[in-house]
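# Commentary on secondary and tertiary structure
If you want the building blocks of each chain, they are given just below.
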Amino acid sequence: MTSRGDPAQPARPSSSAAQGPSPGPSGAPGPPGPSGASGAPGASGAPGPSGGDTRPANDRAPGATASSPARPQLARPATAVLDEAHLGDIEGALGRIRVGEEQGTGLKRKLITFLAIMGPGLIVMVGDNDAGGVSTYAQAGQDYGYSLLWTLLLLIPVLIVNQEMVVRLGAVTGVGHARLINERFGRFWGWFSVGDLFILNFLTIVTEFIGVSLALQYFHVTPYISVPVTAVVLVAITASGSFRRWEQALFAFIGVSLILIPLGLTASPHWGQIGYHFVVPGVQGGVSSTAVLLIIAIVGTTVAPWQLFFQQSNVIDKRITPRFIPYERADTAVGAFVVVLGAALVLVTAVFAVRGTRLAGNFTDALGVANALKAHGNWYGAAFAVVLLDASIVGAASVTLSTSYAFGDVFGIKHSLHRSFRDAKPFYASYSGMIALAAAIVLIPGMPLGLLTTAVQALAGILLPSASVFLLLLCNDREVLGPWMNARWLNIVAVFIIAVLLVLSGTLVITTLFSSINAIKVAIWLAVAMAVLAALAGAWLWLTRKRRPARPPHPRTTMSAAERERWRMRPLALLKPVQWSPLTKMGVLTLRGYLVISVLLLIVKAVQLGHG
C-alpha cells in the first residue's frame, strides 16, 4: 500500500528535513520546520506560478520577504496530493482565489470567497435530483398526494452529515475517496468498494439516458437523435480542459432547473396541506408495502453512493484546502436545501397534474406526468419535460465524472478537469467511453428499460450502507484527518444514520426478492434486530473497557485554529497502518457478506423478471 508509480505524485523527500514538520503522537504537527508552516502554504499548498514565496507575511519564516527564493521541496512533499493539477489557484465559476491571497474578514470579502468556493456541494446535490429522482418524486405526488413530503425534510440532515464528512476528507487529504479506501484498508476492500461504484454508476448513467429519451419524446424527438446528441454535449462540456468552464456549464444547467419554481408555484398548490405534510408523517390511504418501498426509493435516489466519491474528488480538483472548509460546508448545506426544494416542487407539480382525474394513483413514468400536465396547458407539459431533460444531463455529467475520478485514483493516472484531453487521455477516455456505452444500451431495441431502472434503485439501496461505513472509518482515522477527525457526537449521529440505512436496505432487498412478504413487518423486524445488535455491541464495549488502552485526546484540542488550517495529510506511504479492532473487523466482514449475497440474489431476480 504505497503511492509509488503514480505519475503525478510529487517527489518524496530525501531527508527528514525535506518532509516538513513531523507529526506528534496525536497526528498534530510538531514544531515548525524551515518553511515556518506545518502544511502547504496559501490556498492550495503549492508555490505560486512565479516560483516566489507567495505566502502571507505572517506565514513566512522570520526575515523572509516576498522576493525570497521559494523552497517547494520543503513544502509540497508535506501533503499527499496525487496530481499536480490539484495544486494552484482556486478557479470557480463565480470567482477565483489566488495562491497566498488573504481571505479577509469583512462580510463583502467573505461573500466573494463563498461564491468562488461554491460548486462541489451545489452540483452534487442538484445532480442527485436526476432522472431517477424526478421519476420517484413524481410517483410520490401522483400516487400519494402531498403525504410523503415529510420524507424529504428528514433527508436534509442525512445529506449534510454524509457530505460534510467527504468535504473534510477531500480538503485535508488531497486524495480521492477510492484511493483512500484502497490505501488504508487494503486492495481487497478497495476493489470491492470501487467495483460496486463502477457497476452502480454505469447503470445509473443508463437511467439518465432513459430520462433524456423520455423527456425529448414529449417534443416528438426520436431517441436515435436525442440520445447521441446529448452524449456529445456531455463529452464536450467535460473535455474542455478547464475546470472553470466545466463548472460554468453545470451552473448553466442548474439555472435551467429553476424553471421548477414558477412551475410549482403556478400548480395550484394547497399551502396549508403542504405545510402540514412537511412536518407531520403520514401516508395517504394508509401505510402499505407499496408505500414503504416508495419511501425507501426516495431515500435511495436522494442519498446515493456516487455522491461521496464525487464531492470529495471535486473538492480536491477545485483545490479547496482546510482554510476554506467552512465555505464548502455552507455550499453543501445550501445544496441540501436546494435538492429538497426541487424534489418538493416536482412532487407538488405531479399532484397538480393528476388532481381530480383517473390518473391519480396510477403512475407510469415521468413522461406520463408531462402528458398529464399538458391538459392544464402546453407550457406545463413542456416545462416538466425540460426539467426532466435538464435533470438527466446534470445527473449524467456528475455520475460519470464521479466514476472517472475514481478510475484515476485507483490506477494512479492524471485525473483533473484542469488538464487538457491530450494531457489526460485515459481520464477523459474513461468518461467518454462510459457515456458512449450507456447511450448505446438505451438504443438497443427491446431493452427492458423499466426493469433496469428498478434494479438500479434496488442496487443503490444495497450499496449505500457499505459506502457510509467506510466513510465513517476514514473520518475517525487520526493519520488521515488528524485535527479534522469526527467529534464523538458526530459519530453517534453517523452510526444512527447507517443503522437506518441498513434497515431500509434490508427491507428493499427482501421485498424485491420476495414480493409476497409484507414490507412493514420486514422493516419492523429488521429495526428490532438492529436495536438488539446495537445493545450487544454496547454491552461488549462496556465490559471490555478496562482492557482497552485509554483513548488519546482529540487532536483538535492540541492545536490552534491557524495550525488546523495548515494541517494536511502526509503522503500515503508515510502513514501508519490501520489497526482494526475485532469488533470493527467482524462488522465489516458481516456487511460484506450481506452485500455479496444480496447483489447475487438481486441479479438472479432481475434475470428471472427479464425472462418473464
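Everything below is about the structure printed above this text.
Residues numbered from 1 in each chain as written. Predicted model: local features only at pLDDT ≥ 70, side-chain atom pairs only at ≥ 80, totals over all residues. Heavy atoms only, no water.

The final tally for this structure, using the stated rule, is 13 aromatic pairs. Pairing Trp 246 with Phe 310 gives two aromatic rings, centres 6.4 Å apart and planes at 50 degrees, and the pair type is tilted. Placement of Trp 246 in helix 9 (residues 243-256) and of Phe 310 in helix 13 (residues 305-317) is noted, with a sequence separation of 64 residues between them. Taking the centre distance of 5.7 Å and the plane angle of 20 degrees together, the rings of Phe 421 and Tyr 428 count as stacked. A relative accessible area of 38% means that Phe 421 is categorised as partly exposed. Taken together, the ring pairs in this structure connect Phe 243, Trp 246, Trp 306 and Phe 310 into an aromatic cluster. Of note, Lys 374 hangs over the ring of Tyr 218, and the distance from its end group to the ring centre comes to 5.8 Å. (Phe/Tyr/Trp six-rings, centres within 6.5 Å; stacked < 30°, edge-to-face > 60°. Helix = DSSP H or I, 4+ residues; strand = E, 2+ residues; numbered from the N terminus. Buried < 20%, exposed > 50% of the residue type's maximum accessible area, 1.4 Å probe, protein only. Lys NZ or Arg CZ within 6 Å of the ring centre and 35° of its normal.)

Turning to the environment of Ala 131, a few remarks are in order. Here Ala 131 shows up in helix 4 (residues 131-144). What Ala 131 contacts, discounting residues up to four positions off in sequence, is Thr 207, Glu 208, Gly 211, Leu 388, Ala 391 and Ser 392. (Contact = heavy atoms within 4.5 Å.)

This part takes up the nonpolar core. Among the nonpolar cores identified, the biggest contains 170 residues, and Leu 148, Phe 209, Phe 384 and Met 569 are the most heavily contacted of them. Sort the elements by how many residues they give to this core and helix 16 (residues 378-411) lands first, with 17 residues. (Core = buried A, V, L, I, M, F, W, Y, C linked by side-chain atoms within 4.5 Å.)

Taken together, the side chains of Ile 524, Trp 525, Val 528, Val 532, Leu 533 and Leu 536 define a hydrophobic patch exposed on the protein surface, amounting to about 640 Å² of accessible area. Secondary-structure assignment places Trp 525 in helix 21 (residues 519-543). Overall, Trp 525 belongs to the exposed group, its relative accessible area being 63%. (Patch = residues over 30% accessible without salt bridge, like charges linked within 9 Å, V, L, I, M, F, W, Y side chains within 5 Å. Areas by Shrake-Rupley, 256 points an atom, 1.4 Å probe, with all protein chains shown as cover. Salt bridge = Lys/Arg side-chain N within 4 Å of Asp/Glu carboxyl O.)

Right, let's talk about the side chain of Arg 568 for a bit. The residue Arg 568 is located in the loop between helix 22 (561-566) and helix 23 (582-610) in this model. Buried within the structure, Arg 568 lacks any salt-bridge partner; its nearest side chain of opposite charge belongs to Glu 565, at an N-O separation of 12 Å. Side-chain polar atoms of Arg 568 contact the backbone oxygen of Val 172, separated by 3.1 Å. (Lys, Arg positive; Asp, Glu negative; His and termini not counted. Polar contact = N/O pair within 3.5 Å; in protein donor to acceptor, adjacent residues only side chain to side chain.)

Here we come to the pattern of salt bridges. A side chain of one charge can pair with a side chain of the opposite charge if their charged atoms are brought near each other. Inspection of the entire model under this criterion finds 11 salt bridges. Two residues, Arg 98 and Asp 89, come together in a salt bridge whose shortest N-O distance is 3.6 Å. Residue Arg 98 is classed as partly exposed on the basis of its relative accessible area, which comes to 47%. Among the residues examined, Asp 89 registers a relative accessible area of 13% and is labelled buried. The partner of Glu 183 in a salt bridge is Arg 179, with the nearest N and O atoms 2.9 Å apart. Linking Glu 183 with Arg 179, this pair stays in helix 6 (residues 177-185), spanning four residues, or about one helical turn. We classify Glu 183 as buried; its relative accessible area is 5%. Through salt bridges that share partners, Asp 83, Lys 414, Arg 419 and Asp 423 make up one connected network.

Our focus in this paragraph is the side chain of Glu 208. Relative to the helices and strands, Glu 208 resides in helix 7 (residues 187-217). In this structure, Glu 208 is in contact with Asp 130, Ala 131, Ala 391, Ser 392, Gly 395, Ala 396 and Val 399, ignoring residues within four places of it in sequence.

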